[in-house]
Amino acid sequence: MTIIVTGFEKSPDRGRGLARDMRVRWALEEVGQPYEMRLLSFQEMKEPAHLARHPFGQIPTYEEGDLVLFESGAIVLHLAENHAGLLPREADARARAIAWMFAAIGTVEPPILDRANAVLLEAKESWHDRRLALVDDRIRIRLGALSARLGDADWLDGAFSAGDLMMISVLLRLKSSGLVDGYPTLAAYVARGEARPAYVRAFADQLAVFTAAEGH
């Protein structure tokens, strides 16, 4: 059965790899599964055909036969549970890797998304600078704790896992802010993720779509 993933027809981030289909593309490359992309305009994302796949009209979605999934974390977890390469075989290590997936989405990402909203949507507000400073402080607390836990290890819990894939995907959203650079351990961690051949392939494939859409 052909795996179909939905993504943006045009890049809202100018091809920086931040659209959430990138996480799914990376996971598919890590587990060696071929897939096809269904590229959607912002208008098509709100139409009934896509809302049947994703009730909130977002991307990515994942289709494989009769199975239709939404939410990037759920999709990556499904892939990790059904294909070797993203979760350890040992039960406790497997559970810890899944916990790191939830930590990435539920603990580390929320203040990072708050920052994106503050920069993109609130820049003209009189209270913008104060809010941004508060959000950055919240992010630094998360980064400090994560850096301390990672220590001098290459990955969060032994071998690379879906937990690292999700965490690095989240940290990449901070790249333009420079905040991660204040934590050399985390900067090196992100760089290791970006250097993985599966990530390189996924990024190139996503970028090619956006470059073609822009006529470059």
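Relevant structure appears above.
All values derive from a computational prediction rather than experimental measurement. (Residues numbered from 1 in each chain as written. Predicted model: local features only at pLDDT ≥ 70, side-chain atom pairs only at ≥ 80, totals over all residues. Heavy atoms only, no water.)

Our next topic: the sheet that holds strand β3 (residues 61-64). Taken in spatial order, the 4 strands line up as β2-β1-β3-β4 in an open sheet, and their pairing is mixed. Here the strands that pair on one side only, and so sit at the sheet edges, are β2 (36-40) and β4 (67-70). Neighbouring strand axes in the sheet, compared pairwise and without regard to direction, differ in orientation by 20 degrees on average. Sheet topology note: the strand β1 (residues 3-8)/β3 ladder contains 3 bridges and is antiparallel. Opposite Ile-4, over in β3, you have Glu-63 as the bridge partner. Where helix α3 (residues 72-82) meets the sheet, it contacts β3 and β4, and its direction lies at approximately 130 degrees from that of β4. (Pairing = 2+ DSSP bridges. Helix = DSSP H or I, 4+ residues; strand = E, 2+ residues; numbered from the N terminus. Axes fitted to C-alpha atoms, helices over the stretch in contact; angles between N-to-C directions. Contact = heavy atoms within 4.5 Å.)

Now for the pairing of β3. Taking every second residue as pointing to the same face, both faces of β3 are buried, with Thr-61 and Glu-63 on one and Tyr-62 and Glu-64 on the other. Where β3 lies against β4, 4 bridges are found, and the strand directions are antiparallel. Among the inter-strand pairings, Glu-63 is bridged to a residue of β4, identified as Val-68. (Buried < 20%, exposed > 50% of the residue type's maximum accessible area, 1.4 Å probe, protein only.)

A few words now on a nonpolar patch on the surface. On the surface, a nonpolar cluster with roughly 340 Å² of combined accessible area is contributed by Val-119, Leu-120 and Leu-121. By secondary structure assignment, the location of Leu-121 is in helix α4 (residues 91-121). With relative accessibility at 66%, the residue Leu-121 sits in the exposed group. (Patch = residues over 30% accessible without salt bridge, like charges linked within 9 Å, V, L, I, M, F, W, Y side chains within 5 Å. Areas by Shrake-Rupley, 256 points an atom, 1.4 Å probe, with all protein chains shown as cover. Salt bridge = Lys/Arg side-chain N within 4 Å of Asp/Glu carboxyl O.)

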